[in-house]
Amino acid sequence: MTIWEMLAVFAAGISAGTINTIVGSGTLITFPVLLATGLPPVTATVSNALGLIPGSISGAIGYRGELTGQRSRVLRLSIAAAIGGLSGAVLLLMLPSTAFETIVPVLVALALVLVILQPRITKAVQRRRDRKGTPTNADGGPLLFVGLMLASVYGGYFTAAQGIIYLALMGMLLDDTLQRLNATKNILAAVVNSIAALFFLFVADFDWTAVLLIAVGSAIGGQLGAKIGRRLPPTALRALIVVVGTFAIVQLLLR
């Protein structure tokens, strides 16, 4: 990498760590930047997964107050995240690279749709919570476990917007504040990235310069996201993600 490419990857890591802590979709920042430096899609994906682990941990530490009283729930849902994350990582390496290059633009497009629809998802969640007499389960029951496991398969394969999927599922099936659910989401994202990266360490090629730059940047971003996340204008944040995600799709289609 040139010095300017290294700076771009580092800045992308900070942005991704911040956005992932707030809501998710940080991969839509780092992934196109890694592609722009010339990395193949699979190498970019595995390097990104490993690099974002410190950011997820940093964000979880920043939300440690909201994790109080969630030990049992987090442990149970982390099992689902680990199973799904490992399955997604295996799929990434089992499928041919041509399949990856075909599927990823679709996944990014799906992630962008989820980002755009996030306000409606949030309103739907709020309407459900406002209804009286709706039965809830402290840990979401089997439906949430299976839903998060499937979402984690996607997360192990390609991490963009997994946080939004987690929040949507937990918001609809758990009776808790979005801040506390966001704290749980950061733990689950860290589990998926860690499990997938551990698997990739033995079977895939990394760009260690990219890993280091994203790791340091995302750790910084995780703290920033925990401190200032709710002060960011959500409309501007979604617009940024859509622009960068569209760039990612164009990059993939032109390769």
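For the structure itself, look to the data block above.
Residues numbered from 1 in each chain as written. Predicted model: local features only at pLDDT ≥ 70, side-chain atom pairs only at ≥ 80, totals over all residues. Heavy atoms only, no water.

Some points on the overall build of the protein chain
Turning to step 1, where the next piece is worked out: For the protein chain, the count of helices and strands is eleven helices and zero strands.
Turning to step 2, where the next piece is worked out: Going from the N terminus to the C terminus, the protein chain shows its helices and strands as α-α-α-α-α-α-α-α-α-α-α.
Turning to step 3, where the next piece is worked out: Expressed as a percentage of its 255 residues, the buried residues of the protein chain come to 51%.
Turning to step 4, where the next piece is worked out: Residue pairs in contact within the protein chain that sit at least 24 positions apart in sequence constitute 84% of those at least 6 positions apart.
Turning to step 5, where the next piece is worked out: If you sum the accessible surface of the protein chain, you get close to 11,400 Å²; carbon and sulfur atoms cover 70% of it. (Helix = DSSP H or I, 4+ residues; strand = E, 2+ residues; numbered from the N terminus. Buried < 20%, exposed > 50% of the residue type's maximum accessible area, 1.4 Å probe, protein only. Contact = heavy atoms within 4.5 Å. Areas by Shrake-Rupley, 256 points an atom, 1.4 Å probe, with all protein chains shown as cover.)

Some remarks on the environment of Leu253
Turning to step 1, where the next piece is worked out: Tracing the sequence through the fold places Leu253 in helix H11 (residues 234-254).
Turning to step 2, where the next piece is worked out: Take Leu253: its relative accessible area is 60%, and that puts it in the exposed class.
Turning to step 3, where the next piece is worked out: Linking Leu253 and Thr102, residues 151 residues apart in sequence, is a C-alpha distance of 8.4 Å.

Here's the deal with the environment of Gly225
Turning to step 1, where the next piece is worked out: When you line up the elements, Gly225 lands in helix H10 (residues 208-228).
Turning to step 2, where the next piece is worked out: On the accessibility criterion, Gly225 (0% relative accessible area) is buried.
Turning to step 3, where the next piece is worked out: Distance from Gly225 to Ile14, taken between C-alpha atoms, is 9.4 Å for residues 211 residues apart in sequence.

Some words on the packing of helix H7 (residues 141-157) against helix H8 (residues 162-173)
Turning to step 1, where the next piece is worked out: Where H7 meets H8, the axes come as close as 10 Å, and the angle between the chain directions of the two elements is 175°. Accordingly, the angle class assigned to the pair H7 and H8 is roughly antiparallel. Contacts between H7 and H8 involve Leu143, Leu144, Gly147, Leu148, Ala151, Ser152, Tyr154 and Gly155 from the former and Gln162, Ile165, Tyr166, Leu169, Met170 and Leu173 from the latter.
Turning to step 2, where the next piece is worked out: For the contact of H7 with H8, a count of residues per class yields ten nonpolar, four polar and no charged. (Axes fitted to C-alpha atoms, helices over the stretch in contact; angles between N-to-C directions. Parallel < 35°, antiparallel > 145°, perpendicular 65-115°, else oblique. Nonpolar A, V, L, I, M, F, W, Y, C, P; charged D, E, K, R; others polar.)

Any functional reading would require information that these geometric values do not contain.
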